[in-house]
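Reading the structure
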Amino acid sequence: MDRLDKMKILAVDDNIINLATIEQELKDKYEVITVNSGVRAIRYLNKEKPDLVLLDVQMALMDGIETLKEMRTMENGATIPVIMLTSKKDRETVIEGSKLGIMDYVVKPFDSQDLHERIDRALKKVGVLPVEDKELYEYVKQVQDELAAHNVRSAIIKTEEILSYKIDEEIFGRMQNAKSRLRANDIDTAERLVGRVMKMLERSVGSETTVKFPISAGEMNARLLYVLNDLENFKVKEAAQKLEDLMRFDIPPIVAESCVAAQERLEEFDDGAAEELVQQALTEMKNHLI
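Let us look at the structure shown here. (Residues numbered from 1 in each chain as written. Predicted model: local features only at pLDDT ≥ 70, side-chain atom pairs only at ≥ 80, totals over all residues. Heavy atoms only, no water.)

**Re the overall build of the chain**
The criterion, for reference: Numbering of helices and strands starts at the N terminus; helices are DSSP runs of H or I of at least 4 residues and strands are runs of E of at least 2. Whether two residues are in contact is decided by their heavy atoms: any pair within 4.5 Å suffices. Working definition of accessibility: Shrake-Rupley area with a 1.4 Å probe, residue cover restricted to the visible protein chains.
Within the chain, the secondary structure is distributed over 13 helices and 5 strands. Reported as C-alpha extents along the three principal axes, the dimensions of the chain are approximately 80 × 45 × 30 Å. Counting only contacts in the chain whose residues sit at least 6 apart along the sequence, the fraction spanning at least 24 positions is 60%. Carbon together with sulfur atoms contributes 49% to the accessible area of the chain, which is approximately 15,900 Å² in total.

**Remarks on the sheet that holds strand 2 (residues 31-35)**
This is how it is decided: When DSSP finds at least two bridges between two strands, those strands are taken to pair. Axes here refer to lines fitted to C-alpha atoms; in helices the fit is confined to the stretch in contact. Angles between the N-to-C directions go from 0 to 180 degrees.
Across the sheet, which stays open at both edges, the 5 strands sit in the order 2-1-3-4-5 with parallel pairing between neighbours. Among the strands making up the open sheet, the edge pair consists of strand 2 and strand 5 (104-107). Here the average twist between neighbouring strands, direction ignored, is 20°. Its contacts with the sheet put helix 1 (residues 16-26) on strand 1 (8-12), strand 2, strand 3 (52-56) and strand 4 (82-86), and the angle it makes with strand 2 is roughly 175°.

**A few points about the packing of aromatic side chains**
By convention here, two paired aromatic rings are described through the distance between centres and the angle between planes. Note the cut-off: For Phe, Tyr and Trp, where Trp contributes only its six-membered ring, two rings pair if their centres lie within 6.5 Å, and the inter-plane angle classes them as stacked under 30 degrees, edge-to-face over 60, or tilted in between. Look at NZ for Lys and CZ for Arg. If either is within 6 Å of the ring centre and within 35 degrees of the ring normal, a charge sits over the ring.
All told, the structure shown has 1 aromatic pair when counted by the stated rule. Between the aromatic rings of Y139 and Y165, the centroid separation amounts to 5.6 Å while the plane-to-plane angle is 15°, which identifies the pairing as stacked. With a gap of 26 residues between them, Y139 in helix 6 (residues 133-148) and Y165 in the loop between helix 7 (152-163) and helix 8 (169-183) connect regions that are remote in the sequence. Here the guanidinium or amino end of K125 rests over the ring plane of Y165, the centre of that ring lying 5.9 Å away.

**Observations regarding the packing of helix 2 (residues 38-47) against helix 3 (residues 64-71)**
Helix packing for two helices is described by the angle between their axes and how far apart those axes are. Our working rule: Under this scheme an angle from 65 to 115 degrees is roughly perpendicular, one under 35 degrees roughly parallel, and one over 145 degrees roughly antiparallel; angles in between are oblique. Less than a right angle of anticlockwise turn of the near helix away from the far helix marks a crossing as left-handed, whereas a clockwise turn marks it as right-handed. The residue classification treats Ala, Val, Leu, Ile, Met, Phe, Trp, Tyr, Cys and Pro as nonpolar and Asp, Glu, Lys and Arg as charged. All others, Gly included, are polar.
Look at helix 2 against helix 3: their axes get within 9 Å of each other, and the N-to-C directions meet at 20°. When the axes of helix 2 and helix 3 are compared, the pair comes out roughly parallel. Two packed elements cross with a definite hand, and for helix 2 against helix 3 that hand is right-handed. Taken together, the residues of helix 3 that come into contact with helix 2 (itself represented by G38, A41, I42 and L45) are T67, E70 and M71. Taken together, the residues that form the contact of helix 2 with helix 3 break down as 4 nonpolar, 2 polar and 1 charged.

**What about the nonpolar core?**
Using the following cut-off: Residue types Ala, Val, Leu, Ile, Met, Phe, Trp, Tyr and Cys, when buried and joined through side-chain atoms within 4.5 Å, form a set referred to as a nonpolar core. Buried, partly exposed and exposed residues are distinguished by accessible area as a fraction of the type maximum, computed with a 1.4 Å probe on protein chains only: under 20%, between the cut-offs, and over 50%, respectively.
Counting 25 residues, the largest nonpolar core has L224, I251, C259 and V278 as its most contacted members. Elements with a minimum of two residues in this core: helix 10 (217-232), helix 11 (236-246), helix 12 (253-267) and helix 13 (271-289). For this core, the element with the highest residue contribution is helix 12, accounting for 7 residues. Every residue in contact with L224, bar those within four places of it in the chain, is listed here: L246, C259, V278, A281 and L282. Counting residues in each nonpolar core, the second largest holds 24 residues, with V131, L136, Y137 and V140 among its members.

**Notes on helix 5 (residues 112-125)**
Inclusion rule: Expected span of a helix, by definition, is 1.5 Å for each gap between consecutive residues, and there is one gap fewer than residues. Each polar contact in these results corresponds to two N or O atoms within 3.5 Å; when the atoms are within protein, one needs to be able to donate a hydrogen and the other to accept it, and residues that are neighboring in sequence are counted only if both atoms are side-chain atoms.
Taking 1.5 Å of rise per residue, the 14 residues of helix 5 would be expected to cover 20 Å, and the 20 Å separating its terminal C-alpha atoms lies within 8% of that figure. Residues of helix 5 that are buried: L115, I119, D120, A122, L123, K124 and K125. One side-chain oxygen at the N-terminal end of helix 5 lies 3.2 Å from the backbone nitrogen of Q113; it belongs to D111. The first or second residue beyond helix 5 is G127, which carries a positive phi of 85°.

**Some remarks on the packing of helix 11 against helix 12**
Contact geometry of helix 11 with helix 12 gives a least axis separation of 10 Å together with a crossing angle of 150°. Judged by the inter-axis angle, helix 11 sits roughly antiparallel to helix 12. By crossing handedness, the relation of helix 11 to helix 12 is classed as left-handed. Of the residues in helix 12, those in contact with V236, A239, A240, L243, E244 and L246 of helix 11 are C259, A262, Q263 and L266. When the residues that make up the contact of helix 11 with helix 12 are grouped by side-chain class, the tally is 8 nonpolar, 1 polar and 1 charged.

**Some words on the pairing of strand 2**
Here is the rule: Think of it like this: strands point away, you trace from the first strand over the helix to the second, and a clockwise trace means the crossover is right-handed.
The buried fraction of strand 2 amounts to 4 of the 5 residues, a majority that puts the element mostly inside the structure. Bridge count for strand 1 against strand 2 is 5 bridges, and the pairing is parallel. Along strand 2, the bridge assignment pairs K8 with E31. Viewed along the sheet, the connection from strand 1 through helix 1 into strand 2 turns out right-handed.

As structure tokens, this is what we get:
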């Protein structure tokens, strides 16, 4: 990657050794701008807007909290993600920093991997970096595991972490609903909602690594008719399984969307709506072949 394409990180610390260490650790991935005082950080932000600020708490003349308060009044600093650098994460600093929108804290001396991970997480939370489906899948799997172990409090905390990222609106809505259900102690509904998100992500993650099997138009048509036959005879589980099997094949995206929607309706025991969606999939398949 060319240096001009790198994201910019402003590092603010009155210790030049700390600044040199930060620059050395981050220079391969980011363009690092170093300044040794809060005043110089404000001057820089008057002209430029970096992607993230690493801000030391304890500095002479103008400390980190004072610098941050001034930053939040500026156009280039009002919403910028900030990670505080501190030798100790005391309660007062945490409270004050939280009021000013701190994304995270790094305790010095910092571990290189930990610093990179915290920067990466902060940039994902503001949408500067995307959250990959594989990564999101692992986060949601953790929620599912906590629910399986009946750790509701931990499941809520992990769900809130997921909701702090910039993610797909549909997934966000389902996880937000799951969190509300957990707080209302409606565990069964929350588990179903999380399960649906897992299935959505499984399809997405699986499509990256799994080769879809070819299928002829005639076989696709027959399989959809078998699903309809099951639904007409109130065999919901059998219909759901047939739809699941069909998704392993290379079917047109527009048909797949209707099949996925039908699966979701079946999970909600709305077999009437599912039947309509399967009919729609049949129509879309025929139109696709014209």
